[in-house]
Amino acid sequence: HGQVDMRRGFYDRNRVPVVHGHARFVDPHTVEVETDSGARPRLRAGGFVIATGSRPYRPPDVDFNHPRVFDSDTILGLDHTPNTVTIYGAGVVGCEYASIFRGLEVKVNLVNNREKLLAFLDDEIIDALSYHLRDQGVVIRHNETYERIEPQDDGVIVHLKSGKKIKSDALLWANGRTGNTQELGLDTLGITANSRGQIEVDEFYRTRVHPHVYAVGDVVGYPSLASAAYDQGRFAAEHLLTGQCDTHLIKDIPTGIYTNPEVSSIGRTELELTRDGVPYEVGHALFRSLARAQLTGYRVGMLKLLFHRETLQLLGIHCFGDQAAEIVHIGQAIMAQTGEANSLRYFINTTFNYPTMAEAYRVAALNGINRLF
């Protein structure tokens, strides 16, 4: 609510009119807005930015009208705490909700249709997250696919193709998202969304058919992060207004995953570097050895730096534990530098406040440099 109120204030101060309702294109330069009052004003413009976001994917064979079946949006309206919950889908959303429910002392079954959690992360981080979720009591089932979902009056049974049956008080479906492009009138523009409801755009976020119609955020797919969407919107607006834009999303975008422990990373993983034959080395800093972590009591976690053995260039930063999504930004600033400015030596030769979590960079850098000799 605070974010919504703040942005409403921005629009008011800058005299930007906001029309509430469901909009659809009626021609390439006109949208019709169906408002709550029943009025249908038509708005004409020389340019448009589609920023309609995404919603949880709902397979047609799952009854989301049943009071015990939820998606990641409707679960927020839960008016009681169930004793057990099954989460189908172990992506970022599924893992985050698994942590939330365990924090509420709910018994959690986390069903993953892949062989490991969050495969885009570094293997060491994946292993650590899996260990700590299990240590907290989450039951993780890998390589499982549902056969059917059977809602009942007293619970929901998930029938798996492996023959297993999992019954719990509630089911949280967290398996994918779909772009909000339905009923936008895109067919009027000759624009076709893909099977996930996403719109294809060029490097300036222009749609392929009409260069005056832009799309940004989740509705264009990867990276599907609010942080990236903020920048995409600015870039699209600059190009729409000036006809040019010299800035683009940076290559390495940080990920922040708000599980317990928190996870954040940027850059390349060990698996990728090994696959590409890059001579790298690793520097570790365990949180339990940091004075700040010892003082706060949040000792679970680690900062891991991957760097080139010869140039000492930072190649990847992987962190889990308290404040991980904040800590990663320090390394991000150095990784973004060019030439010799991107070097592990920055962390070796820089004095950090003591006690802080940022000191983990000094510890990890020294740990890494010692592996070279």
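This text goes with the structure placed above it.
Please read these numbers as outputs of a predicted model, since none were measured by experiment.

Attention now goes to the pattern of salt bridges. Tallying each qualifying case throughout the model produces 22 salt bridges. In this structure, the salt-bridge partner of Arg208 is Glu200, at a minimum N-O distance of 3.3 Å. Among the residues examined, Arg208 registers a relative accessible area of 53% and is labelled exposed. Of the charged contacts in the structure, one is a salt bridge between Lys304 and Glu270, with a shortest N-O distance of 2.6 Å. You can see Lys304 sitting in strand β19 (residues 301–308) and its partner Glu270 sitting in helix α6 (residues 270–275), a full 34 residues away along the chain. Among the charged side chains, a salt-bridge network with shared partners connects Arg24, Glu32, Glu34, Arg40, Arg42 and Glu183.

Burial analysis of strand β20 (residues 314–321) places eight of its eight residues in the buried class, the great majority of the element. Two strands pair when backbone bridges link them, and strand β17 (residues 263–267) and β20 are joined in this way by five bridges, in the antiparallel orientation. Within β20, the position partnered with Ser264 by the bridge is Cys319. Note: β19 against β20, seven bridges, orientation antiparallel. Note on β20: the bridge partner recorded for Leu303 is Cys319. The loop that links β19 with its antiparallel partner β20 comprises five residues; one of these, Leu312, has a positive phi angle of about 65°.

With that settled, consider the sheet that holds strand β12 (residues 165–168). Taken together, the three strands give an open sheet; going across it, the order is β10-β11-β12, and neighbouring strands pair in antiparallel fashion. With one partner strand each, in any of the chains shown, β10 (146–152) and β12 form the two edges of the open sheet. The mean inter-strand angle of the sheet, taken between neighbouring strand axes irrespective of direction, is 15°. Taken together, the six bridges between β10 and strand β11 (residues 155–160) define a ladder with antiparallel strand orientation. Counted as the bridge partner of Gln152 is Gly155 from β11.

Thresholds applied
- Residues numbered from 1 in each chain as written.
- Predicted model: local features only at pLDDT ≥ 70, side-chain atom pairs only at ≥ 80, totals over all residues.
- Heavy atoms only, no water.
- Salt bridge = Lys/Arg side-chain N within 4 Å of Asp/Glu carboxyl O.
- Buried < 20%, exposed > 50% of the residue type's maximum accessible area, 1.4 Å probe, protein only.
- Helix = DSSP H or I, 4+ residues; strand = E, 2+ residues; numbered from the N terminus.
- Pairing = 2+ DSSP bridges.
- Axes fitted to C-alpha atoms, helices over the stretch in contact; angles between N-to-C directions.

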